[in-house]
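Read off the chains here:
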Amino acid sequence: MAEPHQVPVLVIGGGPAGMAAARAARRGGRRVVLVEASDDLGGQYWRHLPAERPAAREDLLHHGWHWFRRMRDDLLRDPGCDVVLGGHVWSVDRRDGRPPLVHVLVGAPDGAGRLPRAYEPTALVLATGAHERTLPFPGWDLPGVFTAGAAQALAKGERIAVGRRVLVAGSGPFLLPVASSLVRTGALVAGVLEAAGPGQLARGWGSRPWRLLAAQAKAGELAGYVRDLAAYRIPYRTAAAVVAAHGTDRVEAVTVARLTPDWRPVPGSERRIVVDAVCAGHGFVPRTELAIAAGCALRADGSVRVDDGQRSSVPGVLIAGELTGIGGVDLAVAEGLVAGSVAAGRTPPPAAVRGRAVFREFAARLAAAHAIRPGWQSWVDDRTVVCRCEDVTAGELRSVAALTGSRGLRSLKLTTRAALGLCQGRTCGRSMEEILGPAGLLDAGRTAHRPLAIPLRLGELAASTVVGEDVR
Amino acid sequence: MSAHLRVLVVGAGIVGAAVARVLARAGCDVVVVDRGATAGGTSASGEGNILVSDKGPGPELRLTRQTLAAWGRVREELRDELPAGFPGLEFDRKGGLVVATTPAGADNLLTFARTQRAAGVRAETVDAVRAHELEPDLTRDLTAAVFYPEDAQVQPVIATEALLAAARRHGARVRQRVEVTGPLLAGGRLTGVRSTAGDLPADAVVVAAGPWSAGVAERLGVTLPVRPRRGTVLVTSRMPARVRHKVYDADYVGSVGSGSADLQVSSVVESTAAGTVLIGSSRERRGFDDRIEARVLAALAAKALLLFPFLADVQVMRAYGGFRPYVPDHLPIIGADPRLPGLWHATGHEGAGIGLSLATADLLHDLLLAPDSADPLAAEFRPDRPGLASGQPGRNEQPPDQPRTTPASRDRPAPARERPGPAPEWPGTAPDRPGTAPERPGTAPERPGLEREWPGHRPPEGAA
Amino acid sequence: MPPPDGPFRPADDPIRPAPAGTVRIEVAGEPVQGVAGQTIAGILLAGGRLAWRRSRTGRPRGVFCGIGVCFDCLVVVNGLRDVRACQRRAADGDRVEFQEDDRG
């Protein structure tokens, strides 16, 4: 319950963008506090084994591993950089025209009695990354169906394969490294299914495939994944999707189907495949709740709007990484370097600015090539769960929306109970909004608003702040 | 006045919904308009309280008695009016337990309960043993407790939507994203409104816009001393039920009745049918500033722990806030506006709107359609009552065009979300400034020639 | 290709892990041993459990997202409810119980 810590540069998020921002701000001569919820740096991209489990060739599971290790060690050793691990930002108090007050609990995830801390930053860099979006399909809530990211987290962080015979499906280039991690974790990958069809992929990536861009590193990375597909004889199919999972207590088989260009299953193309796990991911959703709570303006696609200095619409608040648009690690690092430099009042390094431009191009093509198309709703039937926390089905969503006629997500959440569970709409929010789209939602995007960024114990909340004399 | 009256209800919250239903049932041609979505304002920001426990003797208590009876009747009627599959209202006459934890608090509580009993409220003083039978997890540090078996709970958004659905069943139309921009006048009489959807003629316009009623009224040419009073609620994760009734600390009553702008927090804790626990309640006068502040949440948590220590380990997963419509003499404003024939009000319920919605609607129905048989109680709520003169002199101080959503969401286009597109804006694009309210369409309201000024109303510049 | 036979053992692991210590916890009253540094979810999955909770309408749930955003994998740890198993590293002596009673 102490006074807030004044901080020149506060970085929230210790993944690639946050680490780069902290590094650049330090180079710019400012003291930095870097807050990361997990117990080590790296974010999702460099999710790795804990210190208790060293391995000689952990680099085989990662790209840029050595760069990461150097950066991490530098930051942890740097006396001018205070790395707060186990730092969970639970809320920010919006302030007009300047960065918000940031409220943190330090301790174990979902602990009780964690240490409260408040920060008053002169400059705030938000680098909170993204989480996966998985489109619902019948049976997707069976045990054994995971997100693609779960497969990565378990493979890289625990050396556990989610199953022995795994199907990877969804959309986006992220499916490829997931398959590669799985085969290095003792699993057989029955296939990788990309929902986008050849036309969408070709138009999205453009007539100059990105191997011809300055993004040489990306080309090498892709080649590695393609090699794995060949070496492990993993079928890769486009315009294909898992449209149902089957089993009683766990997934035992899936139905896969070919898709039309707008992602509708082609009747008669369904085939049943025996698997014991499915990893499904259809792109990423930026974790914008802190940016929204701080007052930052968003773009129509839900990402945070920034200028060429990574500045958001709130003076003193900068944004880097997936928050500005899903673009992968290279773009995240470039943006982090720019944001950290600007936060320290310095000119961003030209190489970072150039890199950002190149990888921004990559990100734009990625978005076009793998954008979700509306036909997915036709593989969702009335009994398909959409909100997993509250078990609200697509049929319930549609019928309650029709019965009330409301055009407001605020009302629709409260009449359907969707997005009201512990995950507060992270998993279902976008799908729920798209299913309800025909209502003509007046408060679209509302499911991303979360004044409490994480759950916390009431005792911790009570102890967290100085309750002023003006409270009676 | 005949039925087939055309009535325009401004505000699709619970009060507007209740009014629309009652008038549509009576044969009026009802249109409800809301500048946003249904149940998008205060009705979605509270806990769904239907309370008698916080009412001292007076007109509001009498209105509450009527409303409690109305809830029983209307729930029955809704069973026939609502289509199959409509979500249940989660109505629960669970009773309320008010608990004091200090000697002074005990004195105040017991004195207050005596006055309530004298006015016919069932207020049962209970000893510590009985209090812990009612609530086994209640703090041991209580000094007095009173149980009010009549207190009830309802899911407020479902109730609002249910009343609207019933209204539609009787022919009412509900139009969302329609904003009142000015009056339609003929010979000093209000004959409808100008709106973003064009001119909407009506024989009677009912302002039921909660804390935004002052803004609507202003556009129609009158002032209304309704101001926002901020409230915040915490929601826990689902758990096995350990709180069986509504439980409040005795401060709750004092805080409702006060006029202070400073943050006041008193504890209200209850379970919901969904298995969560709701924790309120804060009161602050800060205009329409909708930011959520940690210090307010911390105060809510701290006070709740005084009542139920076991909550310390429970996860809070959500916090939401809203604005109560606050009137200086703490009574709702119901009835015809004498300054502008054709204009009616049904607003100002400050934290009691969910419960009082039904009785308000019944009262308004009588005043509009059967004035000779209207309950004399209605006079206590009339817009030109002397009690409203005790508010601040001068114009209603908040400007009508307050943004009511956070700056971030204001920046986004309102219609259905687009697919994620290619390259977002890039270098050189000036960032948008948050908090910029979008252009309000519509013309400035035509000022009517007002013959009798409302206390506190100053004529607008350049009025005829 | 047929699925791999037998569990994935450290000896098979291409990243050549060093021998790791153990952690001893209790799961639903039974003693369970895990690898030092594993999360509770890791221990449960390695033990063959895919589900340990029920959703609001009784559907089985375990790990879904693995990164702490979906809140499916909740367990009770040392009496504390609503702990995400995928985020919490196991400590010696932890008592893990299954959270079966949060249905509405």
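Residues numbered from 1 in each chain as written. Chains lettered and ligands numbered in written order. Predicted model: local features only at pLDDT ≥ 70, side-chain atom pairs only at ≥ 80, totals over all residues. Heavy atoms only, no water.

Draft legend 1. The arrangement of the overall build of chain B in detail. Helices and strands together make up the secondary structure of chain B, namely 10 helices and 19 strands. Every one of the 464 residues in chain B was classed for burial, and the buried ones make up 60%. In chain B, once contacts between residues fewer than 6 apart in sequence are set aside, the share between residues at least 24 apart is 77%. Summing over all exposed atoms, chain B offers an accessible surface of approximately 16600 Å²; the carbon and sulfur share of this is 52%. (Helix = DSSP H or I, 4+ residues; strand = E, 2+ residues; numbered from the N terminus. Buried < 20%, exposed > 50% of the residue type's maximum accessible area, 1.4 Å probe, protein only. Contact = heavy atoms within 4.5 Å. Areas by Shrake-Rupley, 256 points an atom, 1.4 Å probe, with all protein chains shown as cover.)

Draft legend 2. Looking closely at the overall build of chain C. Scanning chain C from N- to C-terminus turns up 1 helix and 7 strands. Each helix (α) and strand (β) of chain C, taken in turn from the N terminus, gives the series β-β-α-β-β-β-β-β. Expressed as a percentage of its 104 residues, the buried residues of chain C come to 50%. In chain C, once contacts between residues fewer than 6 apart in sequence are set aside, the share between residues at least 24 apart is 37%. Here chain C displays about 4600 Å² of accessible surface, and carbon together with sulfur accounts for 48% of that area. Where the 15 positive side-chain charges of chain C centre and where its 13 negative ones centre are 5 Å apart. (Lys, Arg positive; Asp, Glu negative; His and termini not counted. Charge placed at Lys NZ, Arg CZ, Asp CG, Glu CD.)

Draft legend 3. Layout of the packing of helix H1 (residues 14–25) of chain B against helix H2 (residues 59–81) of chain B. Residues and elements named next belong to chain B. As a packed pair, H1 and H2 sit with axes 13 Å apart at the nearest point and diverge in direction by 70°. Between H1 and H2, the angle falls in the class roughly perpendicular. Judged by the twist between their axes, the crossing of H1 over H2 is left-handed. Facing H1, whose interface residues are Ile14, Arg21 and Arg25, H2 presents Trp71, Val74, Glu77, Leu78 and Glu81. Here the contact of H1 with H2 is composed, by residue class, of 4 nonpolar, no polar and 4 charged. (Axes fitted to C-alpha atoms, helices over the stretch in contact; angles between N-to-C directions. Parallel < 35°, antiparallel > 145°, perpendicular 65-115°, else oblique. Left-handed = near helix turned anticlockwise from the far one by under 90°. Nonpolar A, V, L, I, M, F, W, Y, C, P; charged D, E, K, R; others polar.)

Draft legend 4. Layout of the sheet that holds strand E4 (residues 96–100) of chain B. Spatially, the 9 strands line up as an open sheet ordered E20(A)-E17(B)-E13(B)-E16(B)-E15(B)-E14(B)-E4(B)-E6(B)-E5(B), and their pairing is mixed. Whereas interior strands pair on both sides, the edge strands pair on one side only; in this sheet they are strand E20 (456–457) of chain A together with strand E5 (124–126) of chain B. Pairing of E4(B) with strand E14 (residues 246–249) of chain B involves 4 bridges; the strand directions are parallel. For B:Val99, the partnering residue across the bridge sits in E14(B) and is B:Asp249. Helix H3 (residues 103–118) of chain B rests against E4, E5 and strand E6 (144–148) of chain B of the sheet, and its axis sits at about 30° to E6(B). Against the sheet, helix H8 (residues 294–307) of chain B makes contact with E4, strand E13 (227–236), E14, strand E15 (264–271), strand E16 (277–283) and strand E17 (315–326) of chain B, and its axis sits at roughly 60° relative to E15(B), the strand it touches most. (Pairing = 2+ DSSP bridges.)

Draft legend 5. Structural detail: the nonpolar core. In terms of nonpolar packing, the biggest core is built from 76 residues, with B:Val7, B:Val19, B:Val30, B:Trp71, B:Leu89 and B:Tyr148 touching the most fellow members. Residues in contact with B:Val19, not counting those within four places in the same chain, are B:Val9, B:Val206, B:Ala346, B:Ala361 and B:Leu364. A:Val242, A:Ala419, B:Val233 and C:Phe64 belong to the second largest nonpolar core, which has 63 residues in total. (Core = buried A, V, L, I, M, F, W, Y, C linked by side-chain atoms within 4.5 Å.)

Draft legend 6. Here's a closer look at the pattern of salt bridges. Going through the model one piece at a time under the given rule, you end up with 60 salt bridges over all chains. When the shortest N-O distance is used, the salt bridge between A:Glu390 and C:Arg56 registers 3.7 Å. Separated into two different chains, A:Glu390 in the loop between strand E18 (385–387) and strand E19 (392–393) and C:Arg56 in the loop between strand E3 (53–54) and strand E4 (60–61) make up a pair that spans both. By relative accessible area, A:Glu390 is classed as buried at 2%. Given a relative accessible area of 30%, C:Arg56 falls into the partly exposed group. Here B:Arg35 makes a salt bridge to B:Glu179, at a shortest N to O gap of 3.9 Å. Taken together, the positions of B:Arg35 in the loop between strand E2 (29–34) and strand E3 (49–50) and B:Glu179 in the loop between strand E8 (173–176) and strand E9 (180–186) put the pair 144 residues apart, joining distant regions of the chain. What makes B:Glu179 buried here is its relative accessible area of 12%. Three or more residues are tied together by salt bridges with common partners; here these are A:Asp96, B:Glu284, B:Arg286, B:Asp289, B:Arg291, B:Glu293 and B:Arg295. (Salt bridge = Lys/Arg side-chain N within 4 Å of Asp/Glu carboxyl O.)

Draft legend 7. Quick look at the packing of helix H10 (residues 394–404) of chain A against helix H11 (residues 409–416) of chain A. All names here are of chain A. Axis separation between H10 and H11 bottoms out at 10 Å; the angle between their running directions is 120°. Taken together, the axis directions place H10 and H11 in an arrangement best described as oblique. Pair H10 / H11 crosses with right-handed handedness. The segment H10 lies against H11, with Glu396, Leu397, Val400, Ala401 and Thr404 engaging Leu412, Thr415 and Thr416.

Draft legend 8. Structural detail: the packing of aromatic side chains. A full pass over the atoms with the stated rule returns 12 aromatic pairs over all chains. Both rings, one in A:Trp140 and one in C:Phe64, keep their centres 5.6 Å apart while their planes meet at 85°; by these two values the pair is edge-to-face. Separated into two different chains, A:Trp140 in the loop between strand E7 (130–132) and strand E8 (145–147) and C:Phe64 in the loop between E4 and strand E5 (74–77) make up a pair that spans both. In terms of burial, A:Trp140 and C:Phe64 fall into one category: buried. Centre to centre, the rings of B:Trp71 and B:Phe91 are 6.0 Å apart; their planes meet at 25°, and the pair counts as stacked. Of this pair, B:Trp71 sits in helix H2 while B:Phe91 sits in the loop between H2 and E4; the two residues are 20 residues apart in sequence, bridging distant segments of the chain. Note on B:Phe91: relative accessible area 17%, which makes it buried. Joined through ring pairs, the aromatic side chains of A:Tyr45, A:Trp46, A:Trp65, A:Trp67 and A:Phe68 make up one cluster. Note that A:Lys156 overlies the ring of A:Tyr45, its terminal NZ or CZ placed 5.6 Å from the centroid. (Phe/Tyr/Trp six-rings, centres within 6.5 Å; stacked < 30°, edge-to-face > 60°. Lys NZ or Arg CZ within 6 Å of the ring centre and 35° of its normal.)

Draft legend 9. Broad picture of the pairing of strand E12 (residues 240–246) of chain A. Residue and element names in this part refer to chain A. In terms of residue burial, E12 counts as a mostly covered element, since 6 of its 7 residues are buried. Bridge analysis of E12 against strand E13 (residues 253–258) gives 6 bridges, and the strand direction is antiparallel. In the strand pairing of E13, Ala241 is matched with Ala257.

Draft legend 10. Focus on the sheet that holds strand E10 (residues 188–194) of chain A. All names here are of chain A. Ordered in space as E8-E15-E9-E10-E11, the 5 strands form an open sheet in which the pairing is parallel. Sheet topology places E8 and strand E11 (236–237) at the edges, where each strand pairs with a single neighbour. Taken together, the 2 bridges between E10 and E11 define a ladder with parallel strand orientation. What sits directly across from Leu193, in E11, is Arg237.

Draft legend 11. Seen up close, the interface of chain C and chain B. Of the residues lining the interface, 8 residues belong to chain C; the matching set on chain B comes to 8 residues. Both faces considered, chain C and chain B share a buried interface measuring about 640 Å² in area, 45% of it formed by carbon and sulfur atoms. Between the two partners, chain C and chain B, sit 0 salt bridges. Viewed at the interface, chain B and chain C are joined by 2 residue pairs in polar contact (both at pLDDT 80 or more). A class-by-class count of the residues in the side of chain C that touches chain B yields 1 nonpolar, 1 polar and 6 charged. (Buried area = accessible area lost by both parts, 1.4 Å probe. Polar contact = N/O pair within 3.5 Å; in protein donor to acceptor, adjacent residues only side chain to side chain.)

Draft legend 12. Up close: the confidence of the model for chain C. This prediction gives chain C a mean pLDDT of 92; 92% of its residues lie at or above 70. Interface confidence for the predicted complex, expressed as ipTM, amounts to 0.95; the pTM equals 0.90. (pLDDT = per-residue confidence, 0-100.)

Draft legend 13. View of the side chain of B:Ser213. All names here are of chain B. Within the secondary structure, Ser213 is located in helix H6 (residues 213–220). Under the relative-accessibility criterion, Ser213 is labelled buried at 0%. Sequence-distant contacts of Ser213, that is, excluding residues within four places in its chain, are made with Val207, Ala208, Leu224 and Thr347.

Draft legend 14. Local environment of helix H3 (residues 148–158) of chain A. Taking burial as the measure, the 11 residues of H3(A) include 11 buried ones, the bulk of the element. Among all positions in H3(A), only A:Ala148, A:Gly149, A:Ala150, A:Ala151, A:Gln152, A:Ala153, A:Leu154, A:Ala155, A:Lys156, A:Gly157 and A:Glu158 are buried. For H3(A), the elements touching its buried residues are E7, E8, helix H4 (175–183) and strand E15 (277–282) of chain A together with helix H1 (40–46) of chain C. Two residues or fewer past H3(A), A:Arg159 is found with a positive phi of approximately 60°.

Draft legend 15. View of the state of the cysteines. Evaluated as defined, the whole model comprises 0 disulfides over all chains. Free of any disulfide, C:Cys70 has its nearest cysteine sulfur in C:Cys65, 3.8 Å distant. (Disulfide = S-S within 2.5 Å.)

Draft legend 16. Local environment of H11(A). Burial within H11(A) is extensive, with 8 of its 8 residues counted as buried. Considered for burial, the residues of H11(A) that qualify are A:Leu409, A:Arg410, A:Ser411, A:Leu412, A:Lys413, A:Leu414, A:Thr415 and A:Thr416. Buried residues belonging to H11(A) abut E19, H10 and helix H12 (429–435) of chain A together with helix H5 (156–169) and E17 of chain B. One or two residues past the end of H11(A) sits A:Arg417, with phi positive at roughly 75°.

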